[in-house]
Structure formats: structure tokens, C-alpha cells
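One letter stands for each residue in the lines below.
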Amino acid sequence: MNETSIKTVIVEDMVSYIDTIEILLQEVAPDVRVTGKASTLLEAEKLIIALQPDLVLLDIQFEREGRTGYDLLEELEKLKQLKFQIIIITGHTESEYYARAYDFNVIHFLKKPLNKHKLSDAIDRVRNNLTGQRMQLLNDLLNRDYQAFRAASRTGKLSIEGTRYNEVVDIGDIAWI
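About the cut-offs
- Residues numbered from 1 in each chain as written.
- Predicted model: local features only at pLDDT ≥ 70, side-chain atom pairs only at ≥ 80, totals over all residues.
- Heavy atoms only, no water.
- Salt bridge = Lys/Arg side-chain N within 4 Å of Asp/Glu carboxyl O.
- Helix = DSSP H or I, 4+ residues; strand = E, 2+ residues; numbered from the N terminus.
- Buried < 20%, exposed > 50% of the residue type's maximum accessible area, 1.4 Å probe, protein only.
- Polar contact = N/O pair within 3.5 Å; in protein donor to acceptor, adjacent residues only side chain to side chain.
- Contact = heavy atoms within 4.5 Å.
- Arc of directions from axis to C-beta.
- Phe/Tyr/Trp six-rings, centres within 6.5 Å; stacked < 30°, edge-to-face > 60°.
- Lys NZ or Arg CZ within 6 Å of the ring centre and 35° of its normal.
- Pairing = 2+ DSSP bridges.

Draft legend 1. Highlighting the pattern of salt bridges. With the rule as written, the count across this model stands at eight salt bridges. The partner of Lys-37 in a salt bridge is Glu-22, with the nearest N and O atoms 2.7 Å apart. Taken together, the residues span a long stretch of sequence, with Lys-37 in strand S2 (residues 32-38) and Glu-22 in helix H1 (residues 15-28) at a distance of 15 residues. Of the residues examined, Lys-37 reaches a relative accessible area of 37% and is grouped as partly exposed. Between Asp-124 and Arg-127 there is a salt bridge whose closest N-O contact spans 2.4 Å. Pair noted here: Asp-124 and Arg-127 are both in helix H5 (residues 116-155), with a separation of three residues, about one helical turn. Judged by relative accessible area, which is 33%, Asp-124 ranks as partly exposed.

Here it is, written out as C-alpha cells:
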């Protein structure tokens with residue numbers, strides 16, 4: 001499993017179109033790893049919470065359920081589980097759907113039938129965002145470690161975080177790291 005792969009969940013009410021999306025993803029973005037597929041919003045909510053994807057490819061209209069993909073996003077937001085990027089893939093291009101996309105920071109709004117070049121562009125945006133997020137996380141970790149080193153150099157002691165407890169040691173007692 002590649003650590004830089006983009007964990008993805010496809011949420012689409014037409015089961016046959018899920019396969020189409022997956023085939024196009026394999027062609028234009030081999031680093032996208034589909035970890036879950038859902039054809040209902042209830043199933044999608046459970047999958048997203050369990051799998052914690054980087055990306056959700058989301059249809060809007062789920063007529064059998066009488067709900068929309070935005071209903072799912074609202075529910076996930078209430079549960080504080082809206083931790084992924086979103087690309088909408090839909091045949092419904094009414095202006096109110098576009099407007100709602102902004103409420104959820106949707107990366108791209110793609111129209112069916114899916115154009116593989118536009119899908120590729122949308123995945124590039126996701127990649128760029130994830131790279132930026134990963135770099136920020138790395139910077140935050142380095143900054144935390146630097147701050148710990150500065151505190152240790154002032155006090156002569158270092159706090160070492162363990163799995164069960166933390167231990168404070170004199171810097172002079174450290175032989176090797």
C-alpha cells in the first residue's frame with residue numbers, strides 16, 4: 001500500500017456508474033485507491049466514518065431515498081466527520097446545486113457523462129491540497145520537536161513521550177538517540 005495514495009470513497013446511486021468512475025480513475029489517476037463504494041447515503045455515511053477517506057466522489061441526487069449528497073455532507077458535518085475533499089459528479093447542474101457546493105468547499109463539480117480529462121484535473125487539485133496538508137503536518141511536528149529541544153536546552157531536561165507515560169530525563173544522562 002502506497003502512503004501517498006489517495007484513499008477514496010465513491011458515492012453514486014447508479015451501481016453501474018460506480019464501475020465507470022472506477023475505470024476512469026484507474027486510467028487517469030493510478031494513485032487513487034478506491035477503498036469504498038456506496039449506492040445509498042446511509043451506506044455512504046457508515047463507510048466514510050469507518051474508512052476516513054482523503055477524497056469522496058459524490059453524486060448529488062439520490063431519488064430512491066428522496067435526499068441529496070448535500071444531506072449526507074450536512075450529517076457528516078454535524079458528526080464532525082467532514083475531514084475529506086469532495087468532488088461532485090452529477091447529471092444535475094441546476095444553479096442551486098452549484099451554490100451549495102461552495103458551502104462544503106467542493107474541489108470540483110463534474111458533469112455526467114464524466115470527461116476523463118476534467119476528472120484528471122480535479123484529482124490534480126486534490127493531490128495539490130493533500131501535499132500542502134501533509135507538508136503543514138510535517139512542519140507542525142518539526143516545530144513541536146524544535147520547541148521541545150529549546151525548552152530542554154534552557155532547563156537541561158528533556159521530556160520523552162512514551163506509550164504509557166512521559167519521562168523527564170537530564171540531557172547529560174542521554175548517551176544516544
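There's plenty left to go through after this.
Draft legend 2. Seen up close, the environment of Ile-10. As for its position among the elements, Ile-10 is in strand S1 (residues 6-11). Separated by 11 residues in the primary sequence, Ile-10 and Ile-21 have C-alpha atoms spaced 8.1 Å apart.

Draft legend 3. Expanded view of the side chain of Gln-85. By the element assignment, Gln-85 lies in strand S6 (residues 85-90). Of note is the side chain of Gln-85, whose polar atom sits 3.4 Å from the backbone oxygen of Val-126. Polar contacts involving the side chain of Gln-85 include one to the side chain of Asn-129, which spans 2.9 Å. When near neighbours in sequence (up to four residues on either side) are disregarded, Gln-85 contacts Asp-54, Leu-55, Val-56, Ile-107, Arg-125, Val-126, Asn-129, Leu-130 and Gln-133.

Draft legend 4. Region of interest: helix H2 (residues 41-51). Residues of H2 that are buried: Leu-41, Ala-44, Glu-45 and Ile-48. Take H2 and look down its axis: the buried residues cluster within an arc of 100 degrees, on one side only. Among the exposed residues of H2, those oriented more than 90 degrees off its buried face are Lys-46 and Ala-50. Structurally, H2 contributes buried residues whose contacts are with S1, S2, strand S3 (55-58), strand S4 (61-62), strand S5 (67-68) and helix H3 (69-78). Where H2 begins, the capping side chain belongs to Thr-40, and its oxygen is found 3.1 Å from the backbone nitrogen of Glu-43. One or two positions beyond H2, positive phi appears at Gln-52, with a value near 50 degrees.

Draft legend 5. Fine view of the packing of aromatic side chains. Evaluation of the coordinates by the stated rule reveals three aromatic pairs. Ring centres of Tyr-70 and Phe-104 lie 5.9 Å apart, and the angle between their planes is 15 degrees; on these two criteria the pair is classed as stacked. One end of the pair, Tyr-70, is in helix H3; the other, Phe-104, is in the loop between helix H4 (95-103) and strand S7 (108-111), with 34 residues separating them in the sequence. Both residues of the pair, Tyr-70 and Phe-104, count as buried. Three or more aromatic residues joined by ring pairs form one cluster here, namely Tyr-70, Tyr-97 and Phe-104. In this arrangement the basic side chain of Lys-112 is found over the ring face of Tyr-17, its NZ or CZ atom lying 4.9 Å from the centre.

Draft legend 6. Main features of the pairing of S3. Of the two faces of S3, the one carrying Leu-55 and Leu-57 and the one carrying Val-56 and Leu-58 are both buried. Judged from the four bridges that link them, S1 and S3 form a sheet pairing that is parallel. Its bridge partner lying in S3, Val-11 is registered against Leu-58. Two elements, S3 and S6, share four bridges in a ladder whose sense is parallel.

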